[in-house]
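For reference, the chains in residue letters:
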There are 2 protein chains.
Amino acid sequence: MKRSPPPVTATTTAWSSSKPPLLRFLHTCYADFLPEAAGAVADYIPELGKADPAHFGISLATLDGHVYEVGDTKVPFTIQSMSKPFVFALALDTLGAERVESVIGVEPSGDPFNSIRLNAENHPFNAMVNAGAIACSGLLHADKGDGAFEFIRQALGRFAGRELDVDEAVYASESATGDRNRAIGYLLRTNSVITENVPAVLDVYFRQCSILVTARDTAVMAATLANRGINPLTEEQVVTPYAIARTLSVMTSSGMYDYAGEWIYRVGIPAKSGVGGGILAALPARLGLGSYSPKLDKHGNSVRGIKVCETLSAHYDLHMLNRSDDARHSIIADYNIGKNPSRRVRRPQEQEILARHFQEVRVIELVGTLSLSNVDYVSRRLAGSPRPEFVIFDLRRVTATTRAGARLVAEAFQELAELGVTVILSGIKRTSREWATISEWTRRLGNIRDFYLLDTAIEWAEDQIVYRYGGSIDFLETTELAEQPLLAGLSEAEIADLTALCTVRTYQQNEKVIAAGGEATSLFFLRSGVVHVTLPDGIRLATLTAGMAFGEMALLEPTRSADVLADMSATAYEVAIRDFERFREQHPRAGERIMRNLAQILADRLIVANAKVDLLTSG
Amino acid sequence: MKRSPPPVTATTTAWSSSKPPLLRFLHTCYADFLPEAAGAVADYIPELGKADPAHFGISLATLDGHVYEVGDTKVPFTIQSMSKPFVFALALDTLGAERVESVIGVEPSGDPFNSIRLNAENHPFNAMVNAGAIACSGLLHADKGDGAFEFIRQALGRFAGRELDVDEAVYASESATGDRNRAIGYLLRTNSVITENVPAVLDVYFRQCSILVTARDTAVMAATLANRGINPLTEEQVVTPYAIARTLSVMTSSGMYDYAGEWIYRVGIPAKSGVGGGILAALPARLGLGSYSPKLDKHGNSVRGIKVCETLSAHYDLHMLNRSDDARHSIIADYNIGKNPSRRVRRPQEQEILARHFQEVRVIELVGTLSLSNVDYVSRRLAGSPRPEFVIFDLRRVTATTRAGARLVAEAFQELAELGVTVILSGIKRTSREWATISEWTRRLGNIRDFYLLDTAIEWAEDQIVYRYGGSIDFLETTELAEQPLLAGLSEAEIADLTALCTVRTYQQNEKVIAAGGEATSLFFLRSGVVHVTLPDGIRLATLTAGMAFGEMALLEPTRSADVLADMSATAYEVAIRDFERFREQHPRAGERIMRNLAQILADRLIVANAKVDLLTSG
């Protein structure tokens, strides 16, 4: 049967003719396996026999939520045995692992999926054969009663990211012809694996097998398994990572029936197939694959689907045991405040204290997943260097934290606490999933502080150092123009003349002193209080206390590039640029000296900025 | 039996009393399981019965090459069945997968390790049972003849990172009592699995089982399995990643005999034990564990060793299927040269061209492992934005490239090439393993350039843009002082007076013009040619062409902070600082103007540096 080229339903790209390599690969798979004639459509249920054997769809969902689709990825078909892993995961979370494991084993059976044989304890071998799946449905029925099927249907919908329906014709057909499964049901009850009304349990099971999905749905469901239970499209946590790992384990050892060893050896991706023609493969932390093609081999697996899995694994070397990683990546920058101080402009006395004690504040910026290996590496790296008084862990780029990683982080914090080190976290919101995971372990630790912005965390630690080593920050103190670094080296007479040109301004807390985009018509010398300079996008450039100039770029630029706001009530000397120009005409040496001071201030800032660039690019 | 506290042999740390959390955990394991009395020392060979049942050692090797050790980690014992995975991997690499797989299966047997039963094809079920292991030794004997054992001994030494010896007493004992294995050997020959002299093959096998290792060796050997065949201590590639993935597969499905399903479900770490009391566990991309404790359970597995594996997996959530990762981490920065130009200081005409065409050079800085997911994500991100003429991939922070990642990279490059985009690689040495992997695929692509330094890559792309859009860079052109941005706004008379103070200097290629650390007694205006400014640590700060000043920080600082070297023959105007001071005395307005120009130049550089910091921290 000749077919037209497959419809491409992937996101259109800005590069007209361009296809990402992975999509191109899926198109090649589609073209290569479309002529495959082997296999036969399942016909043990009359309704299944009506499937179009030509249908072929491949879909691949990435864990950042992109879905590739080639071919008949929108054609609905019944989920059949592919429901088993999801219902098993659901049972583990709903009833607890102990209850589930007390009646269902986890060893491969070596038998076909519909075998009626039980293990030595008269329990189903595992949840991937019919007996185990019926036992799962029975456990959920015992807990949810008549609501069991609706509970399952809604949960499967959360895996797929959309509401799923039932194919009533297939359900009726399954129910009418399901005597083997009825026999299994009664066998389970005689062995006390289920204690419920057998027809009611089987009704749940037949309905669950008749849920309609597409290849695209299957890919998203597989991606949810691969993504520790979080649907990559909806970002909902559908089941726990614990249930996912156990479900993938059973898929690995028993998902492909008596072909398990070969499947691990040759493909190495946990997978499950259904007699409806679907196959799903979930590669943890990588991707979910869904395919649909109704012709099955003698094991009951989709012929084309198996070929797609084998080819994908071989072509891209996706075997789950062929992983590489390097814990050393997890530290993206590691420095002290000597190399990267906060954006708070410090006065000379504070500068001096910080220059003496810069090694007391260590900043470690982390990236990626916090796992055993990463945190262990960080701990060793910390232990191998002189002990600071403050350690700031910046987690802005950490996007996943395993419970083990969080526990190790907590253990590392405890270690630091016992040694008198104060731990500060930045880059993590208290409302985030990562915070929940970490605080599960760190709740009992007293000495942890957190600030969302790294700069605020550094500033806080600097303040502690300043206080600790004899400095004091008196925000009510007022300073005169002679103390301004921008005016250093001017004579008393020059200062007096400049003072005469100034107006003293008073600002309330949160008042905007300078607005970005406005004309730069004056410069300011902060006399008391605190102001901060922020870019229009909210990035805080500097925090200034009395004795510092701001708006001084008016000497070079006609337009304000940043906002200045008062952090508390503040006073400042303001000089209009046209008055300042007159002052420079009258005092050319003072004018040159001020420009030189400005150049010096900018040169110092450039050194700090370049040091930060070097920190971040010397990986 | 009461024992003294375990000797701590881990690296001493700078924080006197401090132990990394992982080491503390291993100490807890040791203390918790030391009292464990269950099990019995193997006694089927008289020599094995002599082992001290109290011995207990735990070692854990990380993939960055750190080894933790607690307890009796230096006590030698015979490797026994733990040799099987290594010899299987060796056979795969030496003889090819096809040859090995033609006589040894990969399905679990469901039988004890010393079963004489073969599968339906009269082949051993897998390489983890004695029959399969003897078949492996036979294959190597067929290839290496009398040198087979020495070949194996040396290879196992490369896994361990040191030369390994044989326990001659155990060997003699194995050989004297090995009739069951002899029976297996002859059964294999009658089924043509082996064709060699049976006693010679068994001699290899008995010797291989009698190789002496310690818990520490076992951890390093396991870490080599976990590290895609690269020994993390010696960094030697011992076997291929292909052989490793297949070996770990067989360990997963059959390493723990008839306990495979439970082991995957509960522990989820590929493992192998030996009747000598050793157990090894290899978690891909994470760690290798080795333990030694001679008392065995009824399956022949070390009782304490199994407990260590179970506890480690549960405590740190190390199940191999419980992985998380996020491809979005792989891009650490993505920008164009508008945001981060090269350090080459451009002249006005060039600046203008680059300002119009800054979107034509895109830079993507990658981090971590180049895998399917990462490269796919990068491809999609590129495809979703306007197409530039040049794409620079900076791989400085990429420390591992899978063959699949490299192939996808090559496919992405090919895609770009077909669209007329020039691809440039930076941060990768042509002598590196990554380069070898990538160039295996990219060799046939013509339009790829590589520069080790990112800045050089950006500079090269900028040059192409300048040439392409009508600019020309004439390095022989000479410029006069009036064209210097630092002197902009000076009158002709002021320029003339300053010119009179200058001496024209000539420099040969590679000549040092300024030495870092020296007194800053003059400033320079480049008249022709090219010089560059580098920090003492080799970081290139800027490349300058005619018309630019250098050493101008002498106006602010008494000491030179960087070297300046001539890239080609060059001429410059030099002005002594003391002459320049006199000039400023005479022309105070010019002096102020120059300082203002300097402040402006520094302010521009600060904007660039801050933009780069924001690029790198906005992840």
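Residues numbered from 1 in each chain as written. Chains lettered and ligands numbered in written order. Predicted model: local features only at pLDDT ≥ 70, side-chain atom pairs only at ≥ 80, totals over all residues.

Per an unreviewed UniProt entry, chain A goes by Glutaminase and derives from Bradyrhizobium pachyrhizi. Comment text from UniProt for chain A, heading Sequence similarities (unreviewed entry), reads "Belongs to the glutaminase family." In its Catalytic activity (unreviewed entry) section, UniProt records this for chain A: "L-glutamine + H2O = L-glutamate + NH4(+)". (UniProt positions renumbered as here; feature names shortened; annotations may be inferred.)

Trainee: Tell me what's going on with helix H17 (residues 454–468) of chain B, and back it up with residues and numbers.
Mentor: In a regular helix each residue adds 1.5 Å, so 15 residues correspond to 21 Å; H17(B) covers 21 Å between its end C-alpha atoms and thus fits that length. Positioned one or two residues after H17(B), Gly470(B) has a phi angle of 90°, which is positive. (Helix = DSSP H or I, 4+ residues; strand = E, 2+ residues; numbered from the N terminus. Expected span 1.5 Å × (residues − 1).)

Trainee: Any chance you could break down the interface of chain A and chain B for me, citing the residues and the numbers?
Mentor: Counting from both sides, the interface comprises 99 residues of chain A and, opposite them, 99 residues of chain B. Put simply, the parts of the chain that give the side of chain A that touches chain B at least two residues each are helix H1 (21–33), helix H10 (241–254), helix H11 (260–266), strand S11 (361–370), helix H14 (372–383), strand S12 (390–401), helix H15 (403–418) and helix H20 (588–617) of chain A. Per element, the largest residue contribution to the side of chain A that touches chain B is 19 residues, and it comes from H20(A). (Contact = placed C-beta atoms within 7 Å.)

Trainee: Pulling in residues and values, what's your account of the UniProt feature "binding site: substrate" (unreviewed entry) in chain A?
Mentor: On the UniProt side, "binding site: substrate" (unreviewed entry) is annotated at positions that read Ser81(A), Asn130(A), Glu174(A), Asn181(A), Tyr205(A), Tyr257(A) and Val275(A) here. Contact partners of Glu174(A), with chain neighbours within four places excluded, come to Ile45(A), Phe206(A), Cys209(A) and Ser210(A).

Trainee: Explain the sheet that holds strand S19 (residues 530–534) of chain B residue by residue, including any values.
Mentor: Taken in spatial order, the five strands line up as S11-S20-S19-S22-S17 (chain B) in an open sheet, and their pairing is mixed. Two strands lie at the open edges of the sheet, namely strand S11 (344–345) and strand S17 (512–514) of chain B, each paired on one side alone. (Pairing = 2+ DSSP bridges.)

Trainee: Lay out helix H16 (residues 433–442) of chain B in plain terms, naming residues and giving numbers.
Mentor: Residue and element names in this part refer to chain B. Those residues of H16 that fall on the buried side of the exposure criterion are Thr437, Ile438 and Thr442. Down the axis of H16, the sector holding all buried residues measures 125°, keeping them to one side. Facing away from the buried side of H16 by over 90 degrees, the exposed positions are Ala436 and Glu440. (Buried ≥ 20, exposed ≤ 12 C-beta atoms within 10 Å, placed from the backbone. Arc of directions from axis to C-beta.)

Trainee: Quick rundown of the packing of helix H2 (residues 83–95) of chain B against helix H10 (residues 241–254) of chain B? Include the residues and the values.
Mentor: Residue and element names in this part refer to chain B. Contact geometry for H2 and H10: axes closest at 9 Å, N-to-C directions at 140°. By the angle between their directions, the pair H2 and H10 is classed as oblique. Where H2 crosses over H10, the two elements pack in a sense that is right-handed. From H2, Pro85, Phe88, Ala89, Leu92 and Asp93 reach across to H10, where they touch Ala243, Ile244, Arg246, Thr247, Val250 and Met251. When the residues that make up the contact of H2 with H10 are grouped by side-chain class, the tally is eight nonpolar, one polar and two charged. (Axes fitted to C-alpha atoms, helices over the stretch in contact; angles between N-to-C directions. Parallel < 35°, antiparallel > 145°, perpendicular 65-115°, else oblique. Left-handed = near helix turned anticlockwise from the far one by under 90°. Nonpolar A, V, L, I, M, F, W, Y, C, P; charged D, E, K, R; others polar.)

Trainee: I'd love a proper account of the relation of the copies chain A and chain B, names of residues and values included.
Mentor: Once turned by 180° and shifted 0.1 Å along the axis, chain A lies on chain B with an RMSD of 0.2 Å. On this basis, the relationship between the two copies can be described by a two-fold rotation axis. Take the interface residues of chain A: 100% of them recur as interface residues in chain B, which is what a same-surface contact looks like. (Least-squares fit on C-alpha atoms with pLDDT ≥ 70 in both.)

Trainee: Requested: an account of the UniProt feature "domain: Cyclic nucleotide-binding" (unreviewed entry) in chain A, with residues and values cited.
Mentor: As recorded in UniProt, the sites labelled "domain: Cyclic nucleotide-binding" (unreviewed entry) are residues 486–604 of chain A. Taken end to end, residues 486–604 of chain A is 31% helix and 33% strand, and its first and last C-alpha atoms sit 13 Å apart.

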